[in-house]
Amino acid sequence: MEKSKPYVILSAAISIDGKIATRTGNSNLSSSEDFVRLHKLRTKVDGILIGKNTVMKDNPLLTVRYTKGKNPIRIILDSKGEISTKSKILQTSNKIPTIIATSKQITKTNLQKLNKFPVEVIITGEKSVNIKSLLKKLAEKKIRTILVEGGGIVNWEFVKQNIFDELIITISPFLVGGKNAISLIQGDGFDKISKSPNLQLKSIKRLKNHLVLNYRKV
Ligand SMILES: NC(=O)c1ccc[n+]([C@@H]2O[C@H](COP(=O)([O-])OP(=O)(O)OC[C@H]3O[C@@H](n4cnc5c(N)ncnc54)[C@H](O)[C@@H]3O)[C@@H](O)[C@H]2O)c1
Ligand SMILES: Nc1nc(=O)c(N)c(NC[C@H](O)[C@H](O)[C@H](O)COP(=O)(O)O)[nH]1
């Protein structure tokens, strides 16, 4: 029987103090060895999902480049369809399958803009993308595993709604600091530790000065 949602892996590199980017949005935390590990993981998933701010700050490709293997389908959460036509995601959408998940807030102009590219636009949710409904649609397309690569606002939504199965965190040997730097989990956060999902540490891998921690939800 087809599962109603894909298996969800949250993935990020953090500084020792739990930041995924500086206050200016600089996020070069992984080492070259860690990026090879990440790209190997990308070959094993059907989809890779990020938020609009990460597209705007990092201008990522979300492809497999540091190892051999297939590219996952790229899924972008963008409530108003604001990503730039110059972004690498839209510019390479003729070569790599891309889904832009948006909400009813998208303007006609932005929808027309996106429709000029060979992307699939999925509209779900009133104010922001309805992630549960999106995951159901992805499961119907036989997308069985997705890698969520952030950023912090997107990570919070998956944690708050308890819709992830696994967490892979690289602790990079840096101290970032700053109340306006971006944390692994943004949003309002929980008011009590007891509200946090229960996580079991499954493995620890050392890549020189970086530590890769793998947690499963209990
Ligand atoms: N170190 C890392 O592993 C890593 C990974 C990813 C991103 N980053 C960094 O994180 C920063 C961006 O993170 P961020 O927290 O500002 O934003 P984000 O990348 O999480 O994007 C958030 C945006 O996604 C859109 N969105 C639509 N529907 C949504 C929904 N249901 N839930 C959540 N978001 C939804 C909204 O426009 C929202 O503002 C960048 O600076 C990037 O470099 C670091
Ligand atoms: N694991 C990890 N380590 C980092 O140091 C970092 N900055 C990210 N960030 C995740 C985010 O999704 C980025 O945008 C992509 O890692 C860039 O992806 P590309 O290389 O363009 O494919 N992820």
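Overview of the structure. Computed from a predicted structure; not experimentally measured.

**A look at the overall build of the protein**
Here is step 1 of the chain: When helices and strands are counted, the protein shows six helices and eleven strands.
Here is step 2 of the chain: The C-alpha radius of gyration of the protein comes to 17 Å, within 12% of the 17 Å expected for a compact globule of 218 residues.
Here is step 3 of the chain: Across the 218 residues of the protein, 46% fall into the buried class.
Here is step 4 of the chain: Nonlocal contacts in the protein, meaning residues at least 24 apart in sequence, comprise 71% of its contacts between residues at least 6 apart.
Here is step 5 of the chain: For the protein, the exposed surface amounts to about 11800 Å²; the carbon and sulfur share of it is 52%.
Here is step 6 of the chain: Side chains of the protein carry 39 positive and 17 negative charges; the gap between the two charge centres is 3 Å.

**Points about the packing of aromatic side chains**
Here is step 1 of the chain: As enumerated under the stated definition, the model contains two aromatic pairs in all.
Here is step 2 of the chain: Between Trp-156 and Phe-190, the aromatic rings sit 5.1 Å apart at their centres with planes inclined by 65°, giving edge-to-face as the arrangement. In this pair, Trp-156 sits in helix α6 (residues 152–160) while Phe-190 sits in the loop between β9 (182–183) and β10 (199–207), placing the two residues 34 residues apart along the sequence.
Here is step 3 of the chain: Given the relative accessible area of 8%, Trp-156 is considered buried.
Here is step 4 of the chain: Under the relative-accessibility criterion, Phe-190 is labelled partly exposed at 33%.
Here is step 5 of the chain: The aromatic ring of Tyr-66 is capped on one face by Arg-65, whose charged end is 5.4 Å from the ring centroid.
Here is step 6 of the chain: Its guanidinium or amino end placed over the ring of Phe-164, Lys-217 lies 4.8 Å from that ring's centre, counting from NZ or CZ.

**Some points on the pattern of salt bridges**
Here is step 1 of the chain: What the rule picks out here adds up to ten salt bridges.
Here is step 2 of the chain: Residues Arg-37 and Asp-34 are paired through a salt bridge, measuring 2.7 Å at the closest nitrogen-oxygen approach. A residue pair is termed a helical-turn pair when its members lie 3 or 4 positions apart in one helix, as Arg-37 and Asp-34 do in helix α1 (residues 32–44) at three residues.
Here is step 3 of the chain: On the accessibility criterion, Asp-34 (1% relative accessible area) is buried.
Here is step 4 of the chain: For Lys-52, the salt bridge identified is with Glu-82, shortest N-O distance 2.8 Å. Of this pair, Lys-52 sits in helix α2 (residues 52–58) while Glu-82 is found in the loop between β4 (73–77) and α3 (88–91), placing the two residues 30 residues apart along the sequence.
Here is step 5 of the chain: Taking relative accessible area as the criterion, Glu-82 reaches 36% and is therefore assigned partly exposed.

**Considering helix α5 (residues 131–140)**
Here is step 1 of the chain: Within α5, burial applies to Ile-131, Leu-134, Leu-135, Leu-138 and Ala-139. What you see down the axis of α5 is that its buried residues fit within an arc of 140°, all on one side.
Here is step 2 of the chain: With a side-chain oxygen positioned 3.2 Å from the backbone nitrogen of Lys-132, the residue opening α5 is Asn-130.
Here is step 3 of the chain: Directly after α5, the chain includes Lys-142, whose backbone phi takes a positive value near 65°.

**Description of the site of ligand 1**
Here is step 1 of the chain: For ligand 1, the set of nearby residues contains 26 residues, the closest of which are Ala-13, Thr-54, Asp-58, Val-129 and Glu-149.
Here is step 2 of the chain: For ligand 1, a nitrogen atom lies 3.0 Å from a polar atom in the backbone of Ile-20.
Here is step 3 of the chain: One of the side-chain nitrogen or oxygen atoms of Asn-53 is found 3.0 Å away from an oxygen atom of ligand 1.
Here is step 4 of the chain: Relative to its free-state accessible area of 870 Å², ligand 1 is covered by the protein chains to the extent of 90%.
Here is step 5 of the chain: If one sorts the elements of the shell around ligand 1 by residue count, α2 sits on top with five residues.
Here is step 6 of the chain: Here the residues of the shell around ligand 1 sort into eleven nonpolar, ten polar and five charged.

**Some points on the pairing of strand β1 (residues 7–14)**
Here is step 1 of the chain: Of all eight residues making up β1, seven are buried, and the element is well covered by its neighbours.
Here is step 2 of the chain: Relative to strand β8 (residues 166–171), β1 is paired through six bridges, and the arrangement is parallel. By the bridge assignment for β8, Ile-14 is matched with Ile-171.

**Considering the site of ligand 2**
Here is step 1 of the chain: Around ligand 2, the structure places 16 residues, and the nearest of them are Ser-27, Ser-30, Arg-42, Leu-61 and Arg-65.
Here is step 2 of the chain: One of the side-chain nitrogen or oxygen atoms of Ser-30 is found 2.6 Å away from a nitrogen atom of ligand 2.
Here is step 3 of the chain: At 2.9 Å, a backbone N or O of Leu-62 approaches an oxygen atom of ligand 2.
Here is step 4 of the chain: The set of elements that each furnish at least two residues to the shell around ligand 2 consists of α1 and α2.
Here is step 5 of the chain: Broken down by element, the residue count for the shell around ligand 2 peaks at three residues, all from α1.
Here is step 6 of the chain: Taken together, the residues of the shell around ligand 2 sort by class into eight nonpolar, four polar and four charged.

So, how was this worked out
- Residues numbered from 1 in each chain as written.
- Chains lettered and ligands numbered in written order.
- Predicted model: local features only at pLDDT ≥ 70, side-chain atom pairs only at ≥ 80, totals over all residues.
- Heavy atoms only, no water.
- Helix = DSSP H or I, 4+ residues; strand = E, 2+ residues; numbered from the N terminus.
- Rg over C-alpha atoms; globule rule 2.2 N^0.38 Å.
- Buried < 20%, exposed > 50% of the residue type's maximum accessible area, 1.4 Å probe, protein only.
- Contact = heavy atoms within 4.5 Å.
- Areas by Shrake-Rupley, 256 points an atom, 1.4 Å probe, with all protein chains shown as cover.
- Lys, Arg positive; Asp, Glu negative; His and termini not counted.
- Charge placed at Lys NZ, Arg CZ, Asp CG, Glu CD.
- Phe/Tyr/Trp six-rings, centres within 6.5 Å; stacked < 30°, edge-to-face > 60°.
- Lys NZ or Arg CZ within 6 Å of the ring centre and 35° of its normal.
- Salt bridge = Lys/Arg side-chain N within 4 Å of Asp/Glu carboxyl O.
- Arc of directions from axis to C-beta.
- Polar contact = N/O pair within 3.5 Å; in protein donor to acceptor, adjacent residues only side chain to side chain.
- Near = heavy atom within 4 Å.
- Nonpolar A, V, L, I, M, F, W, Y, C, P; charged D, E, K, R; others polar.
- Pairing = 2+ DSSP bridges.

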